[in-house]
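Overview (structure and organization)
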Amino acid sequence: VCESLFAKPETLGHAALLMTDLDNLKTINDTYGHDWGDQYLRQTGRCLAASTPPGTLAARLSGDEFMLLLYGYDSREAVREELEKLRAALQDSASILPSGSELHISISGGVAWYPEDGNDMASLKKYADFAMYQVKRSHKGGMQEFDIGVYNEASYETQIAQEFEQMLAESRVTYHFQPIFDRNGEAAAYEALMRPEMPNLRSPGTVMKLAQETGRLYDIEKLTMFTAPELFRLRQQSGLLAENAWLFVNSIASVCLIGADVEEMRRRVSGIGRNVVIEITEEEDLDLEMLNMKRRSTVLSGLYALDDYGSGYSNEGNLITLDPDFIKIDISIIRGIESDPDKQEVVRNIVSYAHQRGMQIVAEGIETAAELRTSRALGADLFQGYFLSRPGAVPSAIAAPAQEILREFPNGAEEHR
């Protein structure tokens, strides 16, 4: 019947496919027995038959699912009026349970429209089913129309989640390296930056969000500590990256590898382990025990860098507690620092504090000549940002304008003029 109808658009007019799921059937079966569950189903079927217009096609798909096709209307509003009548009739229909309470019919329904949402039964069924389960997950007992935007977003999220699992299973990531230059313009270090190699999952931020939501932070830490140092070592051996440079690896502050994973990391970082600097960002769930385990590592250098200092959640108390070897001043402080006395004072103070304790200051996110010149004048030790060199599988040497600025400063020139 449906096939012949969909071959005649003039007969269908405006149509709606309603997919419904009968709420609470399992509870009734478990509480009062299957005879009462069967009565609930029969009551629903009778109400659907009595409360829909003549010509409506109706079918029971499974134990608690029904499908109705209302067609031949001049507008969607006319169909909506019929759906509202059906909803009210179902709500009013009641049986008396053995407990003496009334049992009203409650259905969760999803509606897909012809021809707006789809021109064939398969598409409408898929979309109406999606809308129905949106109701089931949020507010049982209602009807919801299909929304292509929500559907596309959910489909994209599903695809991203699948790609995330595939990325972990197959180690589908590579790393780009961004140089960190010393005051002479030499590459003193490189920061390893994750680059997922999946069709849709390309953002490291999305990877971290999914890892947090799915409890896979340990897997991300393992993937990072296995892959980034190994790639770095291979490129150093090929003469593509500076020898004896540090490798800054973004680490999850609350996670530390254990057991056989430590030995596998040892194998992969062979030859450069003592050059690996763990880079962490202050977090609410910062685990000092985990951090100290990393510091006592016999595989890596035991050095670590505190990233994004000054980004809004950093504070002096944490700085004292964490006692990092490197402090990376956040881009929010570096941006426009040449014309902001307050930012200059912040950097001047942190430089003074750090240098008294043998720490090194990294000015990160430098994008202009003025930002580099001011950061250097204020006493920063190391410099990172697009103005100097962009990240890449094989990054370039320091840009000529940046090199010229660093040459302006004689050894010992520390104070901002």
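Predicted model only: the values in this text are computed from it and were never measured.

Turning next to the packing of aromatic side chains. Tallied over the full model, the rule gives 10 aromatic pairs. Taking 5.6 Å as the distance between ring centres and 55 degrees as the angle between the ring planes, the aromatic pair formed by Phe-177 and Phe-232 counts as tilted. Taken together, the positions of Phe-177 in strand β8 (residues 173-181) and Phe-232 in helix α9 (residues 217-237) put the pair 55 residues apart, joining distant regions of the chain. The exposure class of Phe-177 is buried, given its relative accessible area of 0%.

Attention now moves to the pairing of strand β2 (residues 57-60). Where β2 lies against strand β3 (residues 65-73), 4 bridges are found, and the strand directions are antiparallel. Across the sheet, residue Ala-59 finds its bridge partner in β3, namely Met-67. Connecting β2 to the next strand, β3, in antiparallel fashion are 4 residues.

Here we take up the nonpolar core. The tendency in soluble globular proteins is for nonpolar side chains to be buried as a group. With 72 residues, the main nonpolar core has Phe-164, Met-167, Phe-177, Ile-220 and Leu-372 as its most contacted residues. By size, the runner-up hydrophobic cluster in this structure holds 24 residues, among which are Leu-41, Tyr-73, Leu-97 and Leu-103.

Now for the packing of helix α7 (residues 148-170) against helix α8 (residues 204-214). Contact geometry for α7 and α8: axes closest at 11 Å, N-to-C directions at 90 degrees. When the axis of α7 is compared with that of α8, the two are roughly perpendicular. Contacts between α7 and α8 involve Ile-160, Phe-164 and Met-167 from the former and Thr-206, Val-207, Leu-210, Ala-211 and Thr-214 from the latter. For the contact of α7 with α8, the class distribution of residues is 6 nonpolar, 2 polar and no charged.

This next bit is on the pairing of β3. Within β3, 7 of the 9 residues are buried, which leaves it mostly tucked inside the rest of the structure. The pairing of strand β1 (residues 14-22) with β3 spans 7 bridges and is classified as antiparallel. Across the sheet, Leu-18 pairs through a bridge with Leu-68, a residue of β3.

Another point: the pattern of salt bridges. If you walk through the whole model with that rule in mind, you get 26 salt bridges. Across the salt bridge formed by Asp-219 and Arg-216, the nearest N and O atoms sit 2.6 Å from each other. Taken together, the salt bridges that share partners define one network made up of Glu-191, Glu-279, Lys-328 and Glu-364.

Once that is clear, we can look at the sheet that holds β3. Strand order in the open sheet formed by 5 strands is β2-β3-β1-β6-β7, with mixed pairing between adjacent strands. Lying at the two open borders of the sheet, with one neighbouring strand each, are β2 and β7 (143-145). Sheet twist, expressed as the mean angle between neighbouring strand axes with direction ignored, is 15 degrees. In the packing of helix α5 (residues 76-92) onto the sheet, contacts are made with β1, β3, β6 (107-114) and β7, and the angle to β3 comes to roughly 145 degrees. Packed onto the sheet, helix α6 (residues 121-138) meets β1, β3, β6 and β7 and runs at close to 145 degrees relative to β6.

Calculation rules
Residues numbered from 1 in each chain as written. Predicted model: local features only at pLDDT ≥ 70, side-chain atom pairs only at ≥ 80, totals over all residues. Heavy atoms only, no water. Phe/Tyr/Trp six-rings, centres within 6.5 Å; stacked < 30°, edge-to-face > 60°. Helix = DSSP H or I, 4+ residues; strand = E, 2+ residues; numbered from the N terminus. Buried < 20%, exposed > 50% of the residue type's maximum accessible area, 1.4 Å probe, protein only. Pairing = 2+ DSSP bridges. Core = buried A, V, L, I, M, F, W, Y, C linked by side-chain atoms within 4.5 Å. Axes fitted to C-alpha atoms, helices over the stretch in contact; angles between N-to-C directions. Parallel < 35°, antiparallel > 145°, perpendicular 65-115°, else oblique. Contact = heavy atoms within 4.5 Å. Nonpolar A, V, L, I, M, F, W, Y, C, P; charged D, E, K, R; others polar. Salt bridge = Lys/Arg side-chain N within 4 Å of Asp/Glu carboxyl O.

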